[in-house]
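# Residue-level structure breakdown
The primary structure of each chain is shown beneath.
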Amino acid sequence: MFPNVFAPNLLAGKSALVTGGGSGIGAGIARLFAQHGAKVALVGRTAQKLETTASAIKEAGGVATIHPCDVRDYPALETAINDAADANGGLDVLVNSAAGNFLAPAATLSANGFRAVVDIDLCGTFNACRAAFAHLSKRGGSIVSITATQADVPTPLQCHVGAAKAGIAKLTRDLALEWSKLGIRVTAIAPGPIEGTEGMSRLAPGDAEQQLKSRVPLGRYGTIEEVANATLFLVSPASAYITGTTLLIDGGTSLIGPGPFLEMMGF
Ligand code: NAP
Ligand code: COA
């Protein structure tokens, strides 16, 4: 259970779908949403990961369904989103957390490696938004996409991720404008380094972790719970007048530019 910093049952009667909901930040968001009364649908490629998260939600008394598919496969994703809406009485909230990342210098990154990340992160986010639109537009709703500080801060070995995440931030603003009249709010969250995640084990393995932590202005990594709480805020009535924005949750990391990453990555 997450510590309760909001009124209980903030999402009672709501239906939410989380891509990348089988692990890490996406799983944390799904668990918090379920704790607040939402019926939660989980999308990802690995059924076992989705099953593990869904079981934890059900054991805690929540409702969760799993819909294994690849966000790059539009017909499969559209079917998954329609199935989730059928199962849970429509759709009110979409969270895009599915992503891929690895460290690679631009000079040796293959065209397919660049495309794989842009396809999963940016195209996958558009695919989910596009397929969810039919449901969200029926009664209004909200979308939150997880970007990253690399969207703005030039970061070595991350050109593929930076390009994809910057695209999501711009997509967020464009969709927010186009869909506002239908009562759909579209926002994003840009986390900095988050403790205990696959993302950080890929970006700062071993000794690099302590090195990076010591440079974060707030002196530590963030937690999955902190990102989940911010996501809950963005889909709650408390943010009814917020759309198009990207919220940084990075302990101030982006304020000091690429310095920590340059050191960590030996630049
Ligand atoms: P994670 O646990 O690996 O989460 C990513 C999820 O996306 C996985 O469950 C993965 O499951 C799923 N996924 C990957 N490719 C997919 C595809 N093609 N189709 C469907 N699902 C796919 O990593 P995380 O660190 O928690 O990252 C979650 C989000 O936070 C990402 O958007 C990441 O960019 C962002 N973020 C993380 C950090 C951090 O410090 N960790 C910082 C900034 C931003 P399958 O492989 O089973 O599909
Ligand atoms: N360095 C350089 N290139 C790499 C790489 C690495 N570490 N890992 C993969 N690639 C390249 C591959 O070589 C391939 O290019 P090629 O055909 O020119 O050789 C391309 O990326 C696609 O690889 P593939 O394994 O087919 O991709 P995939 O679609 O199965 O997997 C990834 C996508 C590569 C992003 C994989 O890391 C993944 O599934 N990640 C999900 C989890 C994750 O990254 N979590 C952290 C989120 S922040």
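Below is a summary of the structure that appears in this document. (Residues numbered from 1 in each chain as written. Chains lettered and ligands numbered in written order. Predicted model: local features only at pLDDT ≥ 70, side-chain atom pairs only at ≥ 80, totals over all residues. Heavy atoms only, no water.)

## Some words on the site of ligand 1
- Not every one of the 28 residues close to ligand 1 is listed here, only the nearest: Ser-23, Arg-45, Thr-46, Asp-70 and Thr-197.
- Within the side chain of Lys-165, a nitrogen or oxygen atom sits 2.9 Å from an oxygen atom of ligand 1.
- Protein coverage of the free-state accessible area of ligand 1, which is 870 Å², stands at 91%.
- For the shell around ligand 1, the secondary-structure elements that each account for two or more residues are helix H1 (24–35) and helix H6 (198–203).
- The element best represented in the shell around ligand 1 is H6, accounting for 3 residues.
- Residue classes in the shell around ligand 1 are distributed as 12 nonpolar, 10 polar and 6 charged. (Near = heavy atom within 4 Å. Polar contact = N/O pair within 3.5 Å; in protein donor to acceptor, adjacent residues only side chain to side chain. Areas by Shrake-Rupley, 256 points an atom, 1.4 Å probe, with all protein chains shown as cover. Helix = DSSP H or I, 4+ residues; strand = E, 2+ residues; numbered from the N terminus. Nonpolar A, V, L, I, M, F, W, Y, C, P; charged D, E, K, R; others polar.)

## Points about the site of ligand 2
- In the region of ligand 2, 16 residues are neighbours, and Arg-45, Arg-72, Ser-110, Asn-112 and Arg-202 sit closest.
- The side chain of Arg-72 places a nitrogen or oxygen atom 2.8 Å from an oxygen atom of ligand 2.
- In this structure, Ser-110 approaches ligand 2 through a side-chain N or O atom, which is 2.6 Å from an oxygen atom.
- Of all the elements in the fold, those that place two or more residues in the shell around ligand 2 are helix H4 (111–139) and H6.
- When grouped by side-chain class, the residues that make up the shell around ligand 2 number 6 nonpolar, 6 polar and 4 charged.

## Concerning the packing of aromatic side chains
- Evaluation of the coordinates by the stated rule reveals 1 aromatic pair.
- Taking the ring centre of Tyr-221 as reference, the NZ or CZ of Lys-213 above it sits at 4.9 Å. (Phe/Tyr/Trp six-rings, centres within 6.5 Å; stacked < 30°, edge-to-face > 60°. Lys NZ or Arg CZ within 6 Å of the ring centre and 35° of its normal.)

## Here we look at the side chain of His-135
- Here His-135 shows up in helix H4.
- A relative accessible area of 12% means that His-135 is categorised as buried.
- Contacts of His-135, omitting those with residues within four sequence positions, involve Ile-81, Asn-82, Ala-85 and Leu-91. (Buried < 20%, exposed > 50% of the residue type's maximum accessible area, 1.4 Å probe, protein only. Contact = heavy atoms within 4.5 Å.)

## Thoughts on the pairing of strand S4 (residues 93–96)
- Residues Val-93 and Val-95 line one face of S4 and the alternating positions Leu-94 and Asn-96 line the opposite face, and both faces are buried.
- Pairing analysis gives 4 bridges linking S4 to strand S5 (residues 141–146), with the strands arranged parallel. Note that in S5 the partner of Val-93 across the bridge is Ser-142.
- With H4 bridging S4 and its parallel neighbour S5, the resulting β-α-β unit is right-handed. (Pairing = 2+ DSSP bridges. Right-handed = clockwise from strand over helix to strand, strands pointing away.)

## What to know about the pattern of salt bridges
- Inspection of every chain in the model, using the stated rule, returns 8 salt bridges.
- The shortest N-O distance in the salt bridge between Arg-72 and Asp-70 comes to 3.0 Å.
- Overall, the relative accessible area of 35% leaves Arg-72 in the partly exposed class.
- The partly exposed category is assigned to Asp-70, whose relative accessible area is 21%.
- Between Asp-92 and Arg-139 there is a salt bridge whose closest N-O contact spans 2.8 Å. (Salt bridge = Lys/Arg side-chain N within 4 Å of Asp/Glu carboxyl O.)

## Some words on the packing of helix H3 (residues 74–88) against H4
- Between H3 and H4, the shortest axis-to-axis distance is 9 Å and the interhelical angle comes to 40°. Overall, the two elements H3 and H4 adopt an arrangement that is oblique. The crossing of H3 and H4 is right-handed. Taking contact as the criterion, the partners of Tyr-74, Leu-77, Glu-78, Ile-81, Asn-82 and Ala-85 in H3 are, on H4, Gly-124, Asn-127, Ala-128, Arg-130, Ala-131, Ala-132 and His-135.
- When the residues that make up the contact of H3 with H4 are grouped by side-chain class, the tally is 7 nonpolar, 4 polar and 2 charged. (Axes fitted to C-alpha atoms, helices over the stretch in contact; angles between N-to-C directions. Parallel < 35°, antiparallel > 145°, perpendicular 65-115°, else oblique. Left-handed = near helix turned anticlockwise from the far one by under 90°.)

## With respect to the sheet that holds strand S1 (residues 15–19)
- An order of S3-S2-S1-S4-S5-S6-S7 is seen for the 7 strands of this open sheet, with the pairing classed as parallel. Unpaired on one side and paired on the other, strand S3 (63–68) and strand S7 (246–249) mark the two borders of the sheet. Taken over all neighbouring pairs, the strand axes of this sheet differ in orientation by 20° on average, direction set aside.
- Across 6 bridges, the pairing between strand S2 (residues 39–44) and S3 is parallel.

## A look at the nonpolar core
- Counting 31 residues, the largest nonpolar core has Ile-29, Phe-33, Val-40, Ile-189 and Val-235 as the members making the most contacts within it.
- Contributing elements (two or more residues each) for this core: S1, H1, S2, helix H2 (47–59), S4, S5 and helix H8 (224–235).
- Among the elements that make up this core, the one with the highest residue count is H8 (7 residues).
- Residue contacts for Phe-33: discarding those within four places in its chain leaves Leu-11, Ala-16, Ala-38, Val-40, Val-93, Val-95, Thr-231, Leu-232 and Val-235.
- Val-43, Ala-98, Cys-129 and Val-186 belong to the second largest nonpolar core, which has 25 residues in total. (Core = buried A, V, L, I, M, F, W, Y, C linked by side-chain atoms within 4.5 Å.)

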